[in-house]
Amino acid sequence: MNNEVRIEESWKIALQERFESPEWRTLSEFVKSEYKVAKVYPPPKYIFNAFDLCPFVKVKVVILGQDPYHGTAQAHGLCFSVPEGVTVPPSLQNIYKELHADLGISIPTTGNLEKWAEQGVLLLNATLTVRAGQPGSHQNKGWEEFTNSVIRKISNEKEHVVFMLWGNYAKAKRELIDAKKHLVLEATHPSPFSAYNGFFGCKHFSRANEYLRANGKKIIAW
């Protein structure tokens, strides 16, 4: 990361105080050093891809993940998403299965969720970088404070946003969200280890669209 943060303009304005903080400088230096000494994902130009594709002014839905994928060519800055041509990961396969059961949508052949992001779905990982083959390697380095501030900013300054919290890690973020002015949907994680314990059948996609429609917003074409 350069000293000048390259991120979509409405996010740069919304998060200006965070980008000017000592904590951000410390995190930025850590991330820059990691890219120099190790293989780190995603490529630097994709660190803020979720923000660049979904400006602050357009956010209607927030889906929370934990870490970027740590395998070759998988991570491109959107939680649960992979670039075109990359095998669809198991958790995303389960997301597609629930989407099909909920709304009857045909299961896509691609794992690229950019079309969601462009409609106002912020696909936010709590940690935005990771060492190759080392899941969790960039946790507790400052990213969580940054992404927590993103969640708070959305909660405080926007209205009628849908937050989808899948798994215990994501559910812990509920305390950052004002549930009186937003819709908070919770389920187990869509991974193969837990999807049958409450993710399948959650109907989050139809519930999100019903809420958006009821509040005068354009629904998401999942």
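The paragraphs below set out a description of the structure included in this document. Keep in mind the model is a prediction, meaning the values are calculated, not measured.

## What about the overall build of the protein chain?
Right, on to step 1. Of the regular secondary structure elements, the protein chain holds nine helices and six strands.
Right, on to step 2. Expressed as lengths along the three principal axes of its C-alpha atoms, the size of the protein chain is roughly 45 × 35 × 25 Å.
Right, on to step 3. Counting every position in the protein chain, which comprises 222 residues, the buried fraction comes to 54%.
Right, on to step 4. Residue pairs at least 24 apart in sequence account for 66% of intrachain contacts in the protein chain once pairs closer than 6 positions are excluded.
Right, on to step 5. Of the roughly 10500 Å² of accessible surface on the protein chain, 50% is carried by carbon and sulfur atoms.

## Here we look at the side chain of Thr-127
Right, on to step 1. Within the secondary structure, Thr-127 sits in the loop between β3 (121–125) and β4 (130–131).
Right, on to step 2. Taking relative accessible area as the criterion, Thr-127 reaches 0% and is therefore assigned buried.
Right, on to step 3. One polar contact links Thr-127 to Glu-144, side chain to side chain, over a distance of 3.5 Å.
Right, on to step 4. Dropping the residues within four chain positions of it, Thr-127 is found in contact with Gln-66, Asp-67, Pro-68, His-138, Gln-139, Trp-143 and Glu-144.

## Focus on the sheet that holds strand β2 (residues 61–65)
In a beta sheet, neighbouring strands pair by backbone hydrogen bonds and run either parallel or antiparallel.
Right, on to step 1. Spatial strand order, β3-β2-β5-β6: four strands in an open sheet with parallel pairing. In this open sheet, the two edge strands, each paired with only one partner strand, are β3 and β6 (183–187). Each strand axis lies, on average, 20 degrees off the axis of its neighbour in the sheet, ignoring direction.
Right, on to step 2. On the sheet, helix α7 (residues 143–157) packs against β2, β3 and β5 (162–166) and is oriented at approximately 155 degrees with respect to β3.

## Here's the deal with the layout of surface pockets
Right, on to step 1. If you add up the space inside the largest pocket, you get close to 410 Å³.
Right, on to step 2. Counting only elements with at least two residues in the lining of the largest pocket, the list comes to β2 and α8 (168–171).
Right, on to step 3. Residues that form the lining of the largest pocket fall into these classes: 13 nonpolar, 11 polar and one charged.

## Comments concerning the nonpolar core
Right, on to step 1. Judged by nonpolar contacts, the single largest core of 71 residues is most densely connected at Ile-63 and Trp-222.
Right, on to step 2. Other than its neighbours up to four places away in sequence, Trp-222 contacts Val-61, Ile-63, Leu-99, Leu-103, Ile-105, Lys-115, Trp-116, Val-121, Met-164, Phe-205, Ala-208 and Asn-209.

## Considerations on the pattern of salt bridges
Right, on to step 1. For the structure on display, the rule yields four salt bridges.
Right, on to step 2. The salt bridge involving Glu-34 is made with Arg-131; its shortest N-O contact spans 2.6 Å. Within this pair, whereas Glu-34 is found in helix α3 (residues 22–37), its partner Arg-131 is found in strand β4, the two being separated by 97 residues in sequence.
Right, on to step 3. A relative accessible area of 24% places Arg-131 in the partly exposed class.
Right, on to step 4. Residue Arg-174 is joined to Glu-186 by a salt bridge in which the shortest nitrogen-to-oxygen separation is 2.8 Å. One end of the pair, Arg-174, is in the loop between α8 and β6; the other, Glu-186, is in strand β6, and 12 residues separate them in sequence.
Right, on to step 5. Overall, the relative accessible area of 37% leaves Arg-174 in the partly exposed class.
Right, on to step 6. A relative accessible area of 34% means that Glu-186 is categorised as partly exposed.

Cut-off values and rules
Residues numbered from 1 in each chain as written. Predicted model: local features only at pLDDT ≥ 70, side-chain atom pairs only at ≥ 80, totals over all residues. Heavy atoms only, no water. Helix = DSSP H or I, 4+ residues; strand = E, 2+ residues; numbered from the N terminus. Buried < 20%, exposed > 50% of the residue type's maximum accessible area, 1.4 Å probe, protein only. Contact = heavy atoms within 4.5 Å. Areas by Shrake-Rupley, 256 points an atom, 1.4 Å probe, with all protein chains shown as cover. Polar contact = N/O pair within 3.5 Å; in protein donor to acceptor, adjacent residues only side chain to side chain. Pairing = 2+ DSSP bridges. Axes fitted to C-alpha atoms, helices over the stretch in contact; angles between N-to-C directions. 1 Å grid on protein atoms, 1.4 Å probe; cavity = no way out; pocket = protein on both sides within 12 Å on 5 of 7 lines; lining within 4 Å. Points joined across faces, edges and corners; volume = space filled by probe spheres on them. Nonpolar A, V, L, I, M, F, W, Y, C, P; charged D, E, K, R; others polar. Core = buried A, V, L, I, M, F, W, Y, C linked by side-chain atoms within 4.5 Å. Salt bridge = Lys/Arg side-chain N within 4 Å of Asp/Glu carboxyl O.

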